[in-house]
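Structure assessment
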Amino acid sequence: MAGNLITETVEALRSVISLLADRRQSMAATRDFWAMGLDECTGILNGIGLSRSEFDEAMRLPYASQDLLSSAMRSIDIDPDSFQSLEAAHRFMSRICIACQHRRQCHGHLAAFDFESHYQDFCPNSVNFADLLADGRRKSMAGRAC
C-alpha cells in the first residue's frame, strides 16, 4: 500500500512539473510570437483565421507551444510536408488543432505512440485526417493505373 502511495505521489509531482514546464514554454512562445511585431503577427493569425484573443486563449491550453498537428499526421501516415501544399486545408486544420480542448489527451497518445488507435474518439480533425488518407489512397491507386 505504501508503495502505491509513493508511486502515485511521484507521478503527481511529475505531472505538476510537466505542467509548469509546458506553461513556461507557452509563455515564451507567446512572447516570441508577439515580438515579431503586430503587423506580422496579425497577418499570420488572419492566415489561419484566429483573432488575437482566440490566439491568446489557445496559448493557455496544454501543450500550446507544440506542433501536435504535424506529429499527429505523421503517426497516421500523412506526410505533413506534402500536406502543407494544400494551403487552405492546412490553415483550417491548424486552426482546429490550435484551439482544441483535447490537446492534453492528444499529447498523451502521441507520447505513448498510440495516437493512431485513439484519435477518432476525441480529435476534431479526425474527419479531415480520414479525407486526407482517402485522397492519398485515391492518388496512389490512380498512379498505379497509369
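What you see is a predicted model, and the numbers here were worked out from it, not measured in a lab. (Residues numbered from 1 in each chain as written. Predicted model: local features only at pLDDT ≥ 70, side-chain atom pairs only at ≥ 80, totals over all residues. Heavy atoms only, no water.)

Describing the overall build of the protein chain
Here is the rule we go by: Numbering of helices and strands runs from the N terminus, with a helix taken as a DSSP run of H or I at least four residues long and a strand as a DSSP run of E at least two residues long. Using C-alpha atoms as the atom set, the radius of gyration is obtained and then compared with a globule rule of 2.2 Å times the number of residues to the power 0.38. When accessible area is computed with a 1.4 Å probe and restricted to protein chains, residues below 20% of their type maximum are described as buried, those above 50% as exposed, and intermediate ones as partly exposed. Any two residues having at least one pair of non-hydrogen atoms within 4.5 Å are treated as being in contact.
Counting its secondary structure elements, the protein chain contains nine helices and zero strands. Scanning the protein chain from its N terminus toward the C terminus, one meets helices and strands in the order α-α-α-α-α-α-α-α-α. What you see for the protein chain is a C-alpha radius of gyration of 18 Å, clearly larger than the 15 Å of a compact globule of 146 residues, by over 25%. When its C-alpha atoms are laid out on the principal axes, the protein chain stretches across 65 × 45 × 20 Å. Residues counted as buried form 29% of the 146 residues belonging to the protein chain. Look at the contacts in the protein chain between residues 6 or more apart in sequence, and 67% of them connect residues 24 or more apart.

Topic: the layout of surface pockets
Empty space among the atoms can be located by rolling a probe the size of a water molecule over them. The condition that has to hold: Using a grid of 1 Å spacing that covers the protein atoms alone, one calls a set of points a cavity when a 1.4 Å probe fits there but cannot get out, and a pocket when the set is open and has protein on both sides within 12 Å along at least five of seven lines; lining residues are those with an atom within 4 Å of a point. Grid points are joined across faces, edges and corners, and a volume is the space filled by probe spheres set on the points.
Here the largest pocket is characterised by a volume of approximately 470 Å³. Residue assignment for the lining of the largest pocket shows that the elements contributing at least two residues are helix 2 (38-48), helix 3 (52-58), helix 4 (68-75) and helix 6 (87-98). For the lining of the largest pocket, the element with the most residues is helix 6, which contributes five residues.

Digging into empty space enclosed by the protein
What counts here: For this scheme, ten residues count as nonpolar: Ala, Val, Leu, Ile, Met, Phe, Trp, Tyr, Cys and Pro. Four count as charged, namely Asp, Glu, Lys and Arg, and the remainder, Gly too, count as polar.
For the coordinates displayed, the defined rule picks out one cavity of 30 Å³ or more. Taken as a whole, the largest cavity spans an internal volume of roughly 110 Å³. Listing elements by their share of the lining of the largest cavity, those giving two or more residues are helix 4, helix 6 and helix 7 (103-111). Top contributing element to the lining of the largest cavity by residue count: helix 4, with three residues. Here the lining of the largest cavity is built from residues that sort into 11 nonpolar, one polar and one charged.

Details of helix 2
Counted only if it meets this: Our arc is simply the arc of the directions from the helix axis toward the C-beta atoms.
Those residues of helix 2 that sit buried are Cys41, Leu45 and Ile48. Relative to the axis of helix 2, the buried residues are bounded by an arc of 65° and lie together on one face. Opposite its buried face, helix 2 presents the exposed residues Asp39 and Asn46, each directed more than 90 degrees away.

Comments concerning the pattern of salt bridges
Worth spelling out the cut-off: Just to be clear on terms, a salt bridge is a Lys or Arg side-chain nitrogen sitting within 4 Å of an Asp or Glu carboxyl oxygen.
In the structure shown here, the tally under the stated rule is three salt bridges. Measuring nitrogen to oxygen at the nearest pair gives 3.9 Å for the salt bridge that ties Arg52 to Asp56. Within this pair, Arg52 and its partner Asp56 are both found in helix 3, separated by four residues, close to a single helical turn. Judged by relative accessible area, which is 46%, Arg52 ranks as partly exposed. A salt bridge links Arg95 to Glu54; the shortest N-O distance between them is 2.9 Å.

Structural notes on helix 7
Residues of helix 7 that are buried include every one of Arg103, Cys106, His109 and Leu110, and no others. One face of helix 7 carries all of its buried residues, which in axial projection span an arc of 130°. Phe113 sits one or two residues past helix 7 and shows a positive phi near 60°.

Comments concerning the side chain of Asp22
Inclusion rule: In this count, Lys and Arg are taken as positive residues and Asp and Glu as negative ones, while His and the chain termini are left out.
Along the polypeptide, Asp22 turns up in helix 1 (residues 2-35). Although Asp22 lies buried, it forms no salt bridge, and the closest oppositely charged side chain, Arg104, sits 6.1 Å away as judged by the N-O distance. Setting aside anything within four residues of it in sequence, one finds Asp22 in contact with Leu61, Pro62, Tyr63 and Ala64.

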